[in-house]
Amino acid sequence: MQLDIQNRTMMNLKFYFILTLVISLHSVKSQCDSEHDIGEPKTEDLDKDDYSKGTVNAVLNLKDQYQFKCCGFIKAWEIFVSEDSTTGRNVKAQVWYQEGAGNNWTLRGENTIQVTNVKKINVEDISGTRIRPLLGDYIGFYEFEGSVITYKDNNKYGQYKATTFTSDETTYDWDTVAVGDERGHAIHATVTPSISPTFTNLDDTVAISNNEVAGPVVFTLATSDSDPEDAGLLTVATSTGSALNFFELDLITLEVKIRSGVSLVPGDHLLEFTVRDPCLNSSTNILTIRVENDPPVITSLATSSSTTISEDSKLETLLHTLIVTDTQPTNCSLVSTGVPFVIKRISGSTNYGIFLSTGAALDYGKQNAYVLDLSCTDNYDDTTGIYTVYLLQNEPPSINGLPRATDIQEDVFVETTLYTFSVTDPESTVVTCSVSGISPKTNIIFMKPSTNFNEFDIILQSNPSLRYDIVTTYRIDIQCSDGRRSDSNVFFMNVLRNKPTVFSNLQNITSVSSIATYIGQKVFDVDISDPENDQVEFSMFCVPSANCPFEIYHSGEIVLKRSIEGEFIPAYDLYVHVSDGKSKTGPRSLTVHVLDINYVPVIRNLPLPSALVVSENSALGLSIFQLSIQDNDGADTHIYTMTSSPSDGVLYFNINSANGLVSTSASSNINYEGVSATSFTFTITVTDTKDSVSKNLSISIANQNEAPVFTKRAYALSVDEGVAGTTLADPSYLYQDEDNGDTHKFSMTCASNVGYFSIAPTTGFISLATDIDVDATGSATSFTCTVTVSDGSFTDSASLTITVNNINDNTPRFSNNLFTYYLDINYPLNSVFGSTVATDADTGDFGNFIYSIDQTSLGTETFGIQANGDLYLKTSLTSYSYGSSISFIVQATDTGSLQGTATVFIVIPQTTTTTTTTTDRPITFWEYSANPAWVIVAGILGLIIMVLPCYMCYKNEFSCTWRGR
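Residues numbered from 1 in each chain as written. Predicted model: local features only at pLDDT ≥ 70, side-chain atom pairs only at ≥ 80, totals over all residues. Heavy atoms only, no water.

What to know about the overall build of the chain
- Each helix and strand counted, the chain has two helices and 74 strands in total.
- Computed over C-alpha atoms, the radius of gyration of the chain comes to 71 Å, more than 25% over the 30 Å expected from 2.2 N^0.38 for 965 residues, which places it beyond the range of a compact globule.
- In terms of overall dimensions, the chain has C-alpha extents of about 175 × 170 × 80 Å along its principal axes.
- Across the 965 residues in the chain, those meeting the buried criterion constitute 41%.
- If you take every contact in the chain between residues at least 6 apart in sequence, the share linking residues at least 24 apart comes to 71%.
- Approximately 49,700 Å² of the chain is accessible, and the part contributed by carbon and sulfur atoms is 50%.
- Here the chain contributes 55 positively and 111 negatively charged side chains, and the mean placements of these two sets differ by 8 Å. (Helix = DSSP H or I, 4+ residues; strand = E, 2+ residues; numbered from the N terminus. Rg over C-alpha atoms; globule rule 2.2 N^0.38 Å. Buried < 20%, exposed > 50% of the residue type's maximum accessible area, 1.4 Å probe, protein only. Contact = heavy atoms within 4.5 Å. Areas by Shrake-Rupley, 256 points an atom, 1.4 Å probe, with all protein chains shown as cover. Lys, Arg positive; Asp, Glu negative; His and termini not counted. Charge placed at Lys NZ, Arg CZ, Asp CG, Glu CD.)

A few points about the side chain of Gln 67
- Mapping Gln 67 onto the fold places it in the loop between β2 (58-61) and β3 (72-80).
- One polar contact links Gln 67 to Tyr 138, side chain to side chain, over a distance of 3.1 Å.
- Each residue touching Gln 67, except ones within four places of it in the same chain, is listed here: Ile 38, Gly 136, Asp 137 and Tyr 138. (Polar contact = N/O pair within 3.5 Å; in protein donor to acceptor, adjacent residues only side chain to side chain.)

Some details on the state of the cysteines
- Under the defined criterion, the tally for this structure stands at six disulfides.
- Between the sulfur of Cys 750 and that of Cys 785 lies a disulfide, 1.9 Å long from S to S. Between Cys 750 and Cys 785 the disulfide shows an S-S torsion of about 105 degrees. By sign, it is right-handed. Remark: Cys 785 occurs in strand β64 (residues 782-790) and Cys 750 occurs in the loop between β61 (745-749) and β62 (757-759); sequence separation between them is 35 residues. There is no split in this pair, since Cys 750 and Cys 785 are both buried. (Disulfide = S-S within 2.5 Å.)

Some words on the pattern of salt bridges
- Taken as a whole and assessed by the stated rule, the structure comprises 24 salt bridges.
- A salt bridge links Asp 469 to Arg 497, with the shortest nitrogen-to-oxygen separation between them at 2.9 Å. Pair noted here: Asp 469 is in the loop between β37 (455-460) and β38 (473-481) and Arg 497 is in the loop between β39 (486-496) and β40 (502-503), with a separation of 28 residues, a long-range link.
- Judged by its relative accessible area of 46%, Arg 497 is partly exposed.
- When salt bridges that share partners are traced, they join Glu 311, Asp 312, Arg 484 and Arg 485 into one network. (Salt bridge = Lys/Arg side-chain N within 4 Å of Asp/Glu carboxyl O.)

A few points about the confidence of the model for the chain
- Taken residue by residue, the chain gives an average pLDDT of 88. The fraction at 70 or more is 93%.
- By mean pLDDT, helix α1 (residues 13-25) is the weakest element of the chain at 39, and strand β7 (residues 138-142) is the strongest at 97.
- Contacts from residues 912-923, a stretch scored under 50 in pLDDT, to residues over four places away or in other chains number 25 contacts. (pLDDT = per-residue confidence, 0-100.)

Here's the deal with the sheet that holds strand β33 (residues 404-409)
- As summarised here, the arrangement of the four strands in space is β33-β39-β38-β35, forming an open sheet in which the pairing is mixed. The sheet terminates laterally at β33 and β35 (432-439), the two strands that pair on one side only. On average, each strand axis in the sheet is tilted by 25 degrees relative to the strand beside it, whichever way the strands run.
- Note that β38 and β39 share nine bridges and pair antiparallel. Within β39, the residue paired with Thr 473 across the bridge is Asn 494. (Pairing = 2+ DSSP bridges. Axes fitted to C-alpha atoms, helices over the stretch in contact; angles between N-to-C directions.)

Thoughts on the environment of Thr 420
- Considering the arrangement of structural elements, one finds Thr 420 in strand β34 (residues 416-424).
- In sequence terms Thr 420 and Thr 190 are 230 residues apart; their C-alpha atoms lie 121 Å from each other.
- Not counting the four nearest positions on each side in its chain, Thr 420 is found in contact with Ser 450, Glu 455, Phe 456 and Asp 457.

Let's talk about the packing of aromatic side chains
- For the structure on display, the rule yields 32 aromatic pairs.
- When the centroid spacing of 5.8 Å and the interplanar angle of 80 degrees are considered together, the rings of Trp 96 and Trp 174 count as edge-to-face. Taken as a pair, Trp 96 in strand β4 (residues 90-98) and Trp 174 in the loop between β10 (171-172) and β11 (179-180) lie far apart in primary sequence, 78 residues in all.
- According to the relative accessible area criterion, Trp 96 is buried, its value standing at 0%.
- Judged by centre distance (6.5 Å) and plane angle (50 degrees), the rings of Tyr 652 and Phe 680 are tilted. On the criterion of sequence distance, the pair formed by Tyr 652 in the loop between β53 (639-645) and β54 (653-655) and Phe 680 in strand β56 (residues 679-687) is long-range, its members being 28 residues apart. Phe 680 carries the same exposure label as Tyr 652, and that label is buried.
- Through a chain of ring-to-ring contacts, three or more aromatic side chains come together here, namely Trp 96, Tyr 142, Phe 144, Phe 165, Tyr 172 and Trp 174.
- Lying across the ring of Tyr 97, Arg 108 places its NZ or CZ 3.6 Å from the centre. (Phe/Tyr/Trp six-rings, centres within 6.5 Å; stacked < 30°, edge-to-face > 60°. Lys NZ or Arg CZ within 6 Å of the ring centre and 35° of its normal.)

A word on unusual backbone geometry
- Cis peptide bonds are those with omega within 30 degrees of zero, and the linkage from Ser 439 to Pro 440 qualifies with -10 degrees.
- Position of Pro 440 among the secondary structure elements: in the loop between β35 and β36 (445-449).
- Omega for the peptide link from Val 543 to Pro 544 comes to -5 degrees, which places this bond in the cis form.
- Position of Pro 544 among the secondary structure elements: in the loop between β44 (537-543) and β45 (550-552).
- With phi around 55 degrees, Ala 751 is a residue other than glycine that occupies positive phi space.
- Secondary-structure assignment places Ala 751 in the loop between β61 and β62.
- Ala 751 sits in the exposed class, given a relative accessible area of 67%.

Looking at the environment of Leu 661
- Here Leu 661 shows up in strand β55 (residues 661-664).
- Placed 54 residues apart in sequence, Leu 661 and Pro 607 show a C-alpha to C-alpha distance of 15 Å.
- The contacts of Leu 661, once residues within four sequence positions are left out, are Ser 623, Phe 625, Gln 626, Asn 654, Ile 655 and Asn 656.

Points about the environment of Tyr 66
- Inspection of the secondary structure puts Tyr 66 in the loop between β2 and β3.
- For Tyr 66, a relative accessible area of 1% corresponds to the buried category.
- When sequence neighbours within four positions are dropped, the list of residues in contact with Tyr 66 reads Ile 38, Gly 39, Glu 40, Leu 46, Asn 61, Asp 137, Tyr 138, Ile 139, Gly 184, His 185 and Ile 187.

Concerning the nonpolar core
- Grouped together as the largest cluster of nonpolar side chains are 31 residues, with contacts concentrated most on Phe 68, Ile 74, Trp 77, Ile 79, Ile 139, Ile 149 and Ile 187.
- When contributions to this core are tallied by element, the ones reaching two or more residues are β3, β4, β7 and β13 (187-193).
- Filtering out sequence-adjacent residues up to four positions away, Ile 139 remains in contact with Ile 38, Gly 39, Leu 60, Asn 61, Tyr 66, Phe 68, Trp 77, Gln 94, Ile 187 and Ala 189.
- Ranked by size, the runner-up nonpolar core spans 26 residues in total, among them Leu 402, Met 447, Val 471 and Met 493. (Core = buried A, V, L, I, M, F, W, Y, C linked by side-chain atoms within 4.5 Å.)

Thoughts on the sheet that holds strand β72 (residues 870-873)
- In space, the three strands of this open sheet follow the order β68-β72-β71, with antiparallel pairing throughout. Edge positions in the sheet fall to β68 (832-835) and β71 (863-865), since each of these pairs with one other strand and no more. Adjacent strand axes in the sheet meet at a mean angle of 30 degrees when their direction is disregarded.
- Bridge analysis of β71 against β72 gives three bridges, and the strand direction is antiparallel. Considered in β72, the bridge of Ile 865 is made with Leu 871.

Some points on the side chain of Glu 40
- In this fold, Glu 40 is placed in the loop between β1 (36-39) and β2.
- No salt bridge is formed by the buried Glu 40; its nearest oppositely charged neighbour, Lys 63, is found at 6.1 Å.
- At 3.2 Å, the side chain of Glu 40 forms a polar contact with the side chain of Gln 65.

Shown next as C-alpha cells:
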C-alpha cells in the first residue's frame, strides 16, 4: 500500500495564535512526555463489521481512548482493513476539535492512507508533515472511496457519531449528528513528543558604549527546532527586569535594540529570553549587554586654559565656563585647595564655571599666578584638567587739582563746599580719600565723595565759628588710596574779616488802623545792607511789652501777629536789631500809631441774682426779659444774639436781634416733661459790628399739672358666661400723661347695668362682679360701659364694650335617675313601653341633645330609643325567664359632648296569664337588689370605726403618749 500524506494544517501566523489559545485552554499536561498510542490498541480485535452496507462514510470517535491527552506529533497510523475493501482504496485518518460547547467542530489535520492489505493490519509511518494533535482532540476518519476500517459493537466500547460527507469537510457541525453507543473502530495513532526549541547563540555577552542611541541592532537572536512543523510558529519572550528599561526585542526580526529616549547606564544588563513551540516546550537563556562608560570630555580647556585678572579684584567673578560633553550627568569640582577660587554651577545654566571667590585677598607681591587643578566626573570615570589665573599688579592713584587755596568769610554759617577734586586710578578702582591732618587742629572741615566717580568734596561744616582774629589760614592734608597704594596732597583755606550790617530806613514812624486788620498784615518793611551779603537775622522788642501785637520776620517785614480791633493803646515803640552772625547792629526804633479805636458795649442788667422762672405752657411769644446795654460810641448799631446750653433751649426762647427783648417761642410750646432739661443757660451776645460782649441769662422751667388723655378712645373685651370674680383679658389701655410720675386710678360705669362688673382701680382690669348666665331669661350678652382714668385732679374717659359669650355650661339632665318598667316576656316588638325625658338648661345650639342607649352589658341591642326619649323593644324577651330583671343606661348628649345618664330597670314578673302589663312606677329602694347589699357592708364598716377608738383607748390606759412617729 502506498501512503500519500497530505498536510492540511495552515502554516501561518493566524493559525499559530489559534493553536496557542487552544493549548492554553488545555493546560493540563500540554506536552507529551513519551511516545504512545491513541485509539484502539489492538485493531485486529475489532474485525467484526464495516460500513459497506450503508451510506455512512465519516466517523467521529467520542470514547476517552480516542481522545488525545497531550500535544505532540502523529508519527504513524494503524488501521484494520475490512474484507470488503480493495487494494489501493484510500481512507483519510482525521483529528477533530471543538472550541467551546455549541460551536462547529474543526478539522485539526488529516493523513490519506492507501490500503495495501485487505483483511489485515495496515501500519503507515508519516514521513512528511505531521499532524499536531492537542489535548482534547478526537480521532475520526473519512472513507471517501468506500468502506475500509472495521468496527465491533460491544458494551465495553463507547460513544461515536457516524454521518455521510458529500465532500471534504474542514468544519462540521457534529453536534447535529445522533450519538451512537457501544462501538469501537479499528484505528489508532502513534504520537511522538515534540522536541524543545533552543537558542543557537545564547548564552552570550555583548559590549556597547553608553553613548549609543536608539536605532542600531545590539544583538540578533537565533533559534533552532528539530520539528520542521514548528517553523514560523516559535515564540520568544523576555523576562521582566531593569534591563527592559533600556532595551527592547523586535518579536518579528528577533533583534535586540536600544529603547528610544533613554540614556544608557553603564554596567551589565541581563536579558532573559525564552523560546517556546506550540506545545509549550521551551528553553531559556541569558544575553548580557555590557554598557561601557565613555568618560566626560572638557572641551572648553582646549581653546581657553588661562586668564588674567587684577590683584585688586574682590567680587565674585566668572573666569571660565567649563563645557563638558558626556551622555551621563557630570559634576565638576576644584581639586586645588587653599586658593581663592571655586568651581560651581552657573546660575540659570547646566554648565559649571570657574569663579573668583567673593572677598578674595589677591596680592601680586606674594603670588602672581594660580595653577588650578580641576576634575569632572560622571560617577563612573573622572577627567582632570588645568586652568591658570595670572595676576596684574596694581598702579597707585593720582590726585588731580591739588595743591590749591580758597578764601572764606569769617561769618559764614551754612555748610560750604570749599573745593571738589578728582582722583585718577589706572585700574579704575574705587578710591577712598580722607583728611589725614588739619593745621591748626580742628574738626570743622571734612571730606566726602562727590556725585561723580572718584571725585571728592572738601567741606566746611555749618556754623563753623570762624574768627579772623584767631586763625587766618587752615592747612588740610589729604590722602587717597585704592586699597593697595596711595597718593597725598594739600589744600589751604584763608579766613576773611567780617563787616557789620547797616540800617537804611530806621529810625522811623508809621501808623495802622484798628479797623479791618488781620493777622500777618504788614505794618513796615525794614531795609538793611551787608557788605559780604551775609544771611542776617532780625530781632525786636516792644513798648509797652504786654501782649504786643507786632513781630518781625527775618526778611525785615514787621507784621501784626494778632488782630488789634478793639485796641485801646494808641501807640507802640518797636526796637529792632540785626545780626549777620558775627556782628550785631541796633537797636533802631519804629513808632506805630493805632488809629480808629472802638469802645466795646457793656451789658448792665446781667447776670441776674437768680434764675428767671417761666411756667410750662406759657403763652407763645410772651415777653420775659429786656436786655439793657451802654456804648460810649453813641452812633453804633447793635445786634443781639443768643445761644443755649443745652442747645435745644433756643427752640423755646427767642431774642429780638434789634432790641434785645427775650420772649417765649412763637411756635414751640414749652412742655416741662418734653424738654431735655428744666434749666437753661443762655449766653446773650451784643455786638456793635466791631466789638462784642456776652453775658449769661439762666431760665428755669416750672412744672404745671396736666390731665391724662386716652390716645385710644374705644375698647372691646369678651368673656365667657361664668361666676363672680372671673377676670377679663388685659384691656391694654392706651393713654398718656405729660406729668411724669403721676399716679393714675381707674373707675367704670355701665349705665343701667349696675353690679355686673367691677374694675381694679390701680390696673384697670375688669372682672365679673356677679354670676352671669346668658341662658337665664332676660340676660344680656353685650354691655356698653365708660372707663375713666384720673391723676387725682384731672380725668379722661373712653368707651368699653363687653361681650358675654354663651358657652356649653349645662349638662342634659333626666327627670329621674332610675326608670323601672314591667314587661311581659312576650311583649310585642317595636312597641313603646315607656319614656325617659331629659332637659338642658343651655339656650341655642348647646341646648340641643340626642338620646342613646348603652346596653353593651346585654350583649345584644334588645331595646331602642326614639328622638323624643320613648323606649321600645327591638329584640324578643323570650330568651329571659320569668322573674328575671334587666338594666341598661340611657344617655342624653348635647352638641358640646356633655352627657347626662339614667338607669332603666326592666322587670319580667312571674305570671300565668298571657296578658302583659307595663308600668313606669319606680321601684322602691329595697326592691333594687344592689341596695340592701351595700347598706349591710356600710353598716359593718361603721360599727368597726366606732369600736376601734374605744379599744385603742383601753389598750393605752386612756392616756396619749408621743412615740416619735
